[in-house]
Amino acid sequence: MMSKEHLHMVRVKELPCCLCGAHEPSEAHHILDGRIPGRKAHDFCTIPLCVDCHRGRLGVHGDKTMLKIMKQNELNLLGETIKKLYGEL
Ligand SMILES: [Zn+2]
Ligand SMILES: [Zn+2]
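The text that follows walks through the structure, step by step, so that each part is easy to find. Only a predicted model underlies this, so the values are computations on that prediction, with no experimental measurement involved. (Residues numbered from 1 in each chain as written. Chains lettered and ligands numbered in written order. Predicted model: local features only at pLDDT ≥ 70, side-chain atom pairs only at ≥ 80, totals over all residues.)

**A word on the overall build of the chain**
Applied cut-off: Think of it this way: any DSSP run of H or I at least four residues long counts as a helix, any run of E at least two long counts as a strand, and we number them from the N terminus. The reference for a compact globule is 2.2 Å times residues^0.38; the radius of gyration itself is calculated from the C-alpha atoms. Here the contact rule is simple: place C-beta atoms from the backbone, and any two residues whose C-beta atoms are within 7 Å are in contact.
Each helix and strand in the chain was counted, giving four helices and two strands. Along the chain, from the amino end to the carboxyl end, the secondary structure elements read α-β-β-α-α-α. Computed over the C-alpha atoms, the radius of gyration of the chain is 13 Å, within 12% of the 12 Å expected from 2.2 N^0.38 for a compact globule of 89 residues. With the principal axes as the frame, the chain shows a C-alpha extent of 40 × 30 × 20 Å. Sequence separation of 24 or more characterises 55% of the internal contacts of the chain that already satisfy a separation of 6 or more.

**Examining the nonpolar core**
Quick reminder of the rule: When buried Ala, Val, Leu, Ile, Met, Phe, Trp, Tyr and Cys residues are joined through C-beta atoms within 7 Å, the set is termed a nonpolar core. Exposure in this text rests on C-beta crowding, where 20 or more other C-beta atoms within 10 Å of a residue's own make it buried, 12 or fewer make it exposed, and counts in between make it partly exposed. The C-beta atoms are placed from the backbone.
With 12 residues, the main nonpolar core is built from Val12, Cys17, Cys18, Leu19, Ala28, Ile47, Leu49, Cys50, Cys53, Val60, Met66 and Leu77. For Cys53, the contacting residues outside a window of four places in its chain are Cys17, Leu19, Cys20, Gly59, Val60 and Met66.

**Overview of the environment of Met70**
Looking at the element boundaries, Met70 is found in the loop between helix 3 (65-69) and helix 4 (74-86). With 36 residues separating them in the primary sequence, Met70 and Gly34 have C-alpha atoms 21 Å apart.

**Some remarks on the pairing of strand 2 (residues 46-49)**
Spelled out, the test is: For two strands to pair, DSSP has to find at least two bridges joining them.
Burial along strand 2 is two-sided: Thr46 and Pro48 facing one way and Ile47 and Leu49 facing the other are all buried. Across four bridges, strand 1 (residues 27-30) lies against strand 2 in antiparallel orientation. From the neighbouring strand, Ala28 faces strand 2, where its bridge partner is Pro48.

**Digging into unusual backbone geometry**
With glycine set apart, most residues show a phi of negative sign, and most peptide bonds adopt trans. Cis rather than trans, the peptide bond between Glu24 and Pro25 has omega equal to 0 degrees. Notably, Lys71 is not glycine yet its phi reads approximately 50 degrees, a positive angle.

**Considering helix 4**
Let me state the cut-off plainly: Multiplying 1.5 Å by the helix residue count minus one yields the expected span of that helix. Throughout, the arc means the angular range of directions from the helix axis out to the C-beta atoms.
Compared with the 18 Å implied by 1.5 Å per residue over 13 residues, the 18 Å span of helix 4 between its first and last C-alpha is a close match. Every buried residue belonging to helix 4 is among Glu74, Leu77 and Thr81, and all of these are buried. Taken end-on, helix 4 shows its buried residues confined to a sector of 60 degrees, consistent with a single buried face. Summarising the geometry of helix 4, the exposed residues directed more than 90 degrees from the buried face are Gly79, Lys83 and Tyr86. If you follow the buried residues of helix 4, they end up packed against helix 1 (4-13) and strand 2.

What follows is the structure in structure tokens.
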């Protein structure tokens, strides 16, 4: 059986990129804000990003320029992701 964490990650990847809006499927990025050194980031703390916004030079694992351009931060994007997935009944 699929764990709830795994199911959540599957759903996150089915969303468009939360930074530039690129079409899904996205990659699930474990947010770096508040990460505890040496501990695996929580699978519920993931946001959908395209390859460029995720692993590109300007992306969240790069120099984070995309976050500045879009006036965003990881925690707010996490909130928006949760709202998109669970905000409506
Ligand atoms: Zn993107
Ligand atoms: Zn990542």
